[in-house]
Amino acid sequence: MRLVLLGPPGAGKGTQAAILTEKLGVPHISTGDLFRANIGEGTPLGKEAKEYIDAGKLVPTDVTARMVEDRLSQDDAAEGFLLDGFPRTVEQADLLAEMLERHGVKLDGVINYQVDEDTVVERMLGRGRADDNEETIRTRLQVYRNETAPLIDHYGDAVISIKAEGSVEEINEATLKALGK
Ligand code: ADP
């Protein structure tokens, strides 16, 4: 299964993806995790990405798209993937469509985790990641509203909306049910 996970920062995409990856048997590909791994290893990509991430801004699309295409080309992603954090703009969605076309494959669906802003701010302040301070969170929510939310219309009928409030298990069950699993 080839799925894109959408939702505001703090919607719990990563938490759900960690469970779905086991149940669906496809890798969880998170651009945020890939960037953080590169930052941790001090790679040139990590050094470039860090300033944007610390400011809550998007890393430039060419850098991000190259990283995603490399990851999607690895063997474990041949039969499917859960893409978390990409695309984040309509431009990135167009690049993803081109990548998939080059690989001769199609998306099976787009899961949109819906959650209100007060909840996501509370969740992010609670998890204490380096980029989870109040100012950065505000910037990321603004980027989400302006750049990422339009993807819901962009993907139209492919979108499966899930209410991402409640327990982790409840949200997971709702996701699997919506996928017919
Ligand atoms: P969250 O789910 O809280 O938004 P992520 O781990 O998905 O956190 O992303 C953290 C940061 O990594 C983003 O704020 C952004 O700076 C960068 N990033 C992740 N994905 C992308 C992307 N597709 N394009 C540009 N920047 C990205």
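Residues numbered from 1 in each chain as written. Predicted model: local features only at pLDDT ≥ 70, side-chain atom pairs only at ≥ 80, totals over all residues. Heavy atoms only, no water.

Per an unreviewed UniProt entry, the protein goes by the name Adenylate kinase and belongs to Corynebacterium argentoratense DSM 44202. Per UniProt, the comment on the protein under Pathway (unreviewed entry) is "Purine metabolism; AMP biosynthesis via salvage pathway; AMP from ADP: step 1/1." UniProt lists a comment for the protein under the heading Function (unreviewed entry), and it reads "Catalyzes the reversible transfer of the terminal phosphate group between ATP and AMP. Plays an important role in cellular energy homeostasis and in adenine nucleotide metabolism." (UniProt positions renumbered as here; feature names shortened; annotations may be inferred.)

The feature "binding site: AMP" (unreviewed entry), as annotated in UniProt, sits at T31, R36, K57, L58, V59, G85, F86, P87, R88, Q92, R129 and R140 in this numbering. Considering the C-alpha atoms alone, the annotated residues occupy 110 residues of sequence and remain spread out, their largest mutual distance being 25.0 Å. Lining residues of the largest pocket drawn from the annotated list: T31, R36, K57, L58, V59, G85, F86, P87, R88, Q92, R129 and R140. Looking at where T31 falls in the secondary structure, it is placed in helix 2 (residues 31–41). (1 Å grid on protein atoms, 1.4 Å probe; cavity = no way out; pocket = protein on both sides within 12 Å on 5 of 7 lines; lining within 4 Å. Helix = DSSP H or I, 4+ residues; strand = E, 2+ residues; numbered from the N terminus.)

Contacts to the ligand come from 19 residues, most closely from T31, K57, G85, R88 and R140. Between the ligand and the protein, one listed contact pairs an oxygen atom with a side-chain N or O atom of R127 at 2.8 Å. Here R129 contributes a side-chain N or O atom positioned 3.0 Å from an oxygen atom of the ligand. Coverage of the ligand by the protein amounts to 96% of the 560 Å² it exposes when considered alone. Of the pockets mapped on this structure, the ligand occupies the largest pocket. When residues in the shell around the ligand are grouped by element, the largest group, 4 residues, is from helix 2. Of the residues that constitute the shell around the ligand, the class distribution is 6 nonpolar, 5 polar and 8 charged. (Near = heavy atom within 4 Å. Polar contact = N/O pair within 3.5 Å; in protein donor to acceptor, adjacent residues only side chain to side chain. Areas by Shrake-Rupley, 256 points an atom, 1.4 Å probe, with all protein chains shown as cover. Sits in = over half its atoms within 2 Å of the grid points. Nonpolar A, V, L, I, M, F, W, Y, C, P; charged D, E, K, R; others polar.)

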